[in-house]
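Tertiary structure, described
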Amino acid sequence: MSTLLTQTLCKSFGSLAVTQEVTLSFQSGMRYAIIGPNGAGKTTFFNLLAGNLQPDSGQILLDGRDITSLDVTSRARIGIARSFQRNNLFAEMTVHDNIAMACAIQDNVAPVFWRPMRGFSSVHKKAELIAQQVGLEDDRQTAVRHLSYGSQRQLEVALALACKPKVLLLDEPTSGMSPQETARMDHLIKALPRELTVIVIEHDMDIVLEFADQIVVLDYGRVLVQGTPAEIKNSAIVRQRYLGEEGVAVGSQAAERPAP
Amino acid sequence: MVMTRNSLRLSIGVAAAILALIMQLSAGTFAQELFAEAAILAVFALSLDLLARSGLVSFGHAGFLGLGAYTFGGLAVLQNWPPSLAIAAALAGGIISGLIIGCFAVRTSGAFFIMVTLAVAEMFFSWVFRSPLFNGADGMGGVPRLDMRSVGLDLNNPRNFATFCILICICVWMFAEYIIITPFGRTLDAIRQNANRVSAVGGRVFSYRLAAFALSGAIGALSGALKAQHTNFLSPDLATWVVSGDVLIAVVIGGMGTFVGGIIGSGLLVYLKEVLSSNFGHWYLFLGGIFIGVALILPRGIVGSVLDWRDRRHARNNPAPAREDEA
């Protein structure tokens, strides 16, 4: 039973409070979505969970252990893995080599300097399975720079999965994708193994309402409301502050960011 | 011609090695000094380029060269160590100083790393420049060469010494090529391409860069030990920033990150220096002009540009199959 807890987490950049007393509990194997208008502090919250940022105050606990002071690398090693909003890959490597690299680091074979990489069949086997899992099995030998944007987003998730995570943080996995690519990503996310705790930041409300067990609405760094998709849909405050303002954001995210 | 980028790179290296050996063995006595000088610079260039694989470009690499030369020469002359042991000590000195300096240097990158490495190398220079231990600015002569007469090779013969240096360079090159196909080497590549992502998947970027720095230090010290044997002389000039600059030029002109490029760049640099300095007074001016020209025409260096040309040609001949959703 792995549970991720945040207790009165606060983070400010100068006078701008981007995370304010966020206390949340993420239960093992559940699916969470974090939504909120742009600038609500969603990505900052992810950066705090993953260890890219240190909170000003408050605590983060994984399975009861205080992990607040651990950096990104240590958190990746105890089971918190993330994908990034902007593709953050090994650009000169192939799809397979990207995933195999992450597997090699996780399996502690990366420091080996006396045997060629190709001899580590268990690493390559794992990388193949993950490529299959995210639907990139046909592109394994393609260099990242020749990969379509949507496939790069899939690889982004693959690198996070290679960390053998307990908790998977996906930062806008469908941002900038075409409808077909979004459908493929939607399928990928829904097929993730059930023992994994998954937290996504997502603007596509179709995906969010269908996927999430719990939805957290952030607004100006605070938890505005938390509940099941049905509760969120019917929440007056959410309608007014979020869905109302932007219109119910069904499929509107594709227009936000042009695909490169 | 179906040749991958990597096999083309390796083929260039093998061709360069064979060509260098043939030319050296058939060259006259005076040219032997140039072949030895170029091979030693190439070992030094490999040391810089191996570090560059991890995304760090040093501008104080002469510190390692100087340290290797002074460790070797100091122990061999002042302590009468056998040269073979003194070379081992120089290698160890390179690793140890690499680990110590690396502890703070590799926490930085980019321009800061350049400044830190430059500062440390200049510290070493000013120490040996003043230290009475090695006769300060006057330098110290009488540095012996490795004794390999037991295998029938007298290294005091310039021809033998040049062959020896080329063979050492080939060994170091093969070692570097082997390192980069191991998981450790692949991780260095990953760090160069995206250090943040390596951290995010649980890799300690600092540890890998520190190891690369120490390894680079050992190879740099080896080139210094060879340099001291070549000239039979220790001079503080071995550790000046000009030496760091020359090796950087050799690597950039040849193609950074390609290993072979640094080797070819070293040969070219030594050759041009010789030709220009024997014909012109302000020969460094001409050298600079030539390098600016090469940098403008071939921004990725000679070998880097050849490899890029191969990639473009390959992409033209094999257009990637379009995916159904990319229409």
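Residues numbered from 1 in each chain as written. Chains lettered and ligands numbered in written order. Predicted model: local features only at pLDDT ≥ 70, side-chain atom pairs only at ≥ 80, totals over all residues. Heavy atoms only, no water.

**Here's the deal with the state of the cysteines**
Residue and element names in this part refer to chain B. Keep this limit in mind: A pair of cysteine sulfur atoms is labelled a disulfide when the two atoms are within 2.5 Å.
Inspection of the entire model under this criterion finds zero disulfides over all chains. Counting only cysteine sulfurs, Cys169 is the nearest neighbor of Cys165, a cysteine outside any disulfide, at a range of 9.1 Å. Cys171 carries a free sulfur, and the closest cysteine sulfur to it, the one in Cys169, is 9.2 Å from it.

**Let's talk about the interface of chain B and chain A**
Spelled out, the test is: Any pair of residues with heavy atoms lying within 4.5 Å of one another is described as a contacting pair. Accessible-area loss on putting two parts together, using a 1.4 Å probe and summing over both, is the definition of buried area adopted here. Definition used for salt bridges: Asp or Glu carboxyl oxygen within 4 Å of a side-chain nitrogen of Lys or Arg. Two N or O atoms form a polar contact when they lie within 3.5 Å of each other; inside protein one atom must be a possible hydrogen donor and the other a possible acceptor, and for residues adjacent in sequence the pair counts only when both atoms belong to side chains. Put simply, DSSP H or I for four residues or longer makes a helix, DSSP E for two residues or longer makes a strand, and each gets a number counted from the N terminus.
Taken together, the contact between chain B and chain A spans 26 residues of the former and 42 residues of the latter. Both sides of the chain B and chain A interface together cover about 2800 Å² of buried area, and 53% of this is carbon and sulfur. When the buried surface of chain B facing chain A is broken down by residue, Pro183(B), Arg197(B) and Val201(B) rank first, second and third, together holding 24% of it. A salt bridge links Asp71(A) to Arg204(B), with the nearest nitrogen and oxygen atoms 3.0 Å apart. The tally of links from chain B across to chain A stands at 16 residue pairs in polar contact (both at pLDDT 80 or more). Elements with a minimum of two residues in the side of chain B that touches chain A: α6 (158–179) and α7 (183–200) of chain B. Tallying contributions element by element places α7(B) first for the side of chain B that touches chain A, with 13 residues.

**Structural notes on helix α11 (residues 283–297) of chain B**
Residues and elements named next belong to chain B. Operational definition: Helix span, as expected, comes to 1.5 Å for every residue beyond the first. For each residue, the accessible area found with a 1.4 Å probe, counting protein chains only, is set against the maximum for its type, and the residue is called buried under 20%, exposed over 50%, and partly exposed in between. Here, the arc refers to the directions that run from the helix axis to the C-beta atoms.
In this model α11 runs 21 Å from its N-terminal to its C-terminal C-alpha over 15 residues, within 8% of the 21 Å that 1.5 Å per residue would give. Inspection of α11 places Leu287, Phe291 and Val294 among the buried residues, and these make up the whole buried set. For α11, the angular spread of the buried residues around the axis is 60°, confining them to a single face. Residues of α11 that are exposed and point over 90 degrees away from its buried face: Leu285, Ile292, Leu296 and Ile297. Contacts from the buried residues of α11 go to α9 (241–254) and α10 (260–279).

**Quick word on the environment of Gly36(A)**
Residue and element names in this part refer to chain A. By the element assignment, Gly36 lies in the loop between β3 (31–35) and α1 (42–50). We classify Gly36 as buried; its relative accessible area is 0%. In the structure, Gly36 is positioned 160 residues away from Leu196 in sequence and 24 Å away in space, judged by C-alpha atoms.

**Some words on the confidence of the model for chain B**
All names here are of chain B. Let me state the cut-off plainly: Known as pLDDT, the predictor's confidence for each residue is given on a scale from 0 to 100.
Considering every residue of chain B, the mean pLDDT works out to 92; 97% of them sit at 70 or more. Least confident of the elements in chain B is α11, whose mean pLDDT is 88; most confident is helix α8 (residues 205–231), at 97. Across residues 322–327 the pLDDT falls below 50, and counting only partners more than four positions away or on other chains, this stretch makes eight contacts in the model.

**A word on the pairing of strand β10 (residues 222–227) of chain A**
Sheet faces and side chains relate simply in a regular strand, where the side chains alternate between the two faces. Residues and elements named next belong to chain A. Our working definition: When DSSP locates at least two bridges between a pair of strands, those strands are taken to pair.
As judged from the five bridges shared by strand β9 (residues 214–219) and β10, these two strands associate in the antiparallel manner. Within β10, the residue paired with Leu218 across the bridge is Val223. Hairpin connection from β9 to β10: two residues lie between these consecutive antiparallel strands, with Tyr220 at a positive phi of about 45°.

**Section: the packing of α9(B) against α11(B)**
Residues and elements named next belong to chain B. Our working rule: Only the contacting stretch of a helix is used when fitting its axis, a line to C-alpha atoms as for every element, and angles between N-to-C directions run 0 to 180 degrees. For a crossing to be left-handed, the near helix must be turned anticlockwise from the far one by less than a right angle; the clockwise case is right-handed. Any residue that is not Ala, Val, Leu, Ile, Met, Phe, Trp, Tyr, Cys, Pro, Asp, Glu, Lys or Arg is counted as polar, Gly included; the first ten are nonpolar and the last four charged.
For the pair α9 and α11, interaxial distance at closest approach is 11 Å and the crossing angle is 35°. Of the two elements, α9 crosses α11, and the hand of that crossing is left-handed. For the pair formed by α9 and α11, the contact residues are Val242, Asp246, Ile249 and Ile253 on the first element and Tyr284, Phe291 and Val294 on the second. Taken together, the residues of the contact of α9 with α11 break down into six nonpolar, no polar and one charged.

**Remarks on the packing of helix α4 (residues 83–105) of chain B against α8(B)**
Residue and element names in this part refer to chain B. Taken N-terminus to C-terminus, the directions of α4 and α8 make an angle of 145°; their axes are 7 Å apart at the nearest point. Both α4 and α8 take part in a crossing whose hand is right-handed. Residue-level inspection shows Ile87, Ala90, Leu91, Gly94, Ile95, Gly98, Leu99, Ile101, Gly102 and Cys103 of α4 in contact with α8, the latter providing Phe206, Leu210, Phe213, Ala214, Gly217, Ala218, Ala221, Leu222, Ala225 and Gln229. For the contact of α4 with α8, the per-class residue count stands at 15 nonpolar, five polar and no charged.

**Observations concerning the pattern of salt bridges**
Summed over the entire model, instances satisfying the criterion amount to 24 salt bridges over all chains. For the salt bridge of Asp56(A) with Lys11(A), the shortest nitrogen-to-oxygen distance reads 3.7 Å. With Asp56(A) in the loop between α1 and β4 (57–62) and Lys11(A) in strand β1 (residues 4–13), this pair connects stretches of sequence that are 45 residues apart. Residue classification places Lys11(A) among the buried positions, given a relative accessible area of 11%. When the shortest N-O distance is used, the salt bridge between Asp311(B) and Arg310(B) registers 2.6 Å. Here Asp311(B) and Arg310(B) have matching classes, each one buried.

**Describing the sheet that holds strand β6 (residues 80–82) of chain A**
All names here are of chain A. Spatially, the six strands line up as an open sheet ordered β6-β7-β8-β3-β9-β10, and their pairing is mixed. Of all strands in the sheet, those bounded by a partner on one side alone are β6 and β10. Within the sheet, the average angular offset between the axes of one strand and its neighbour, ignoring direction, is 20°. Relative to β9, β3 is paired through four bridges, and the arrangement is parallel. Bridged to Tyr32 within β9 is Gln214.

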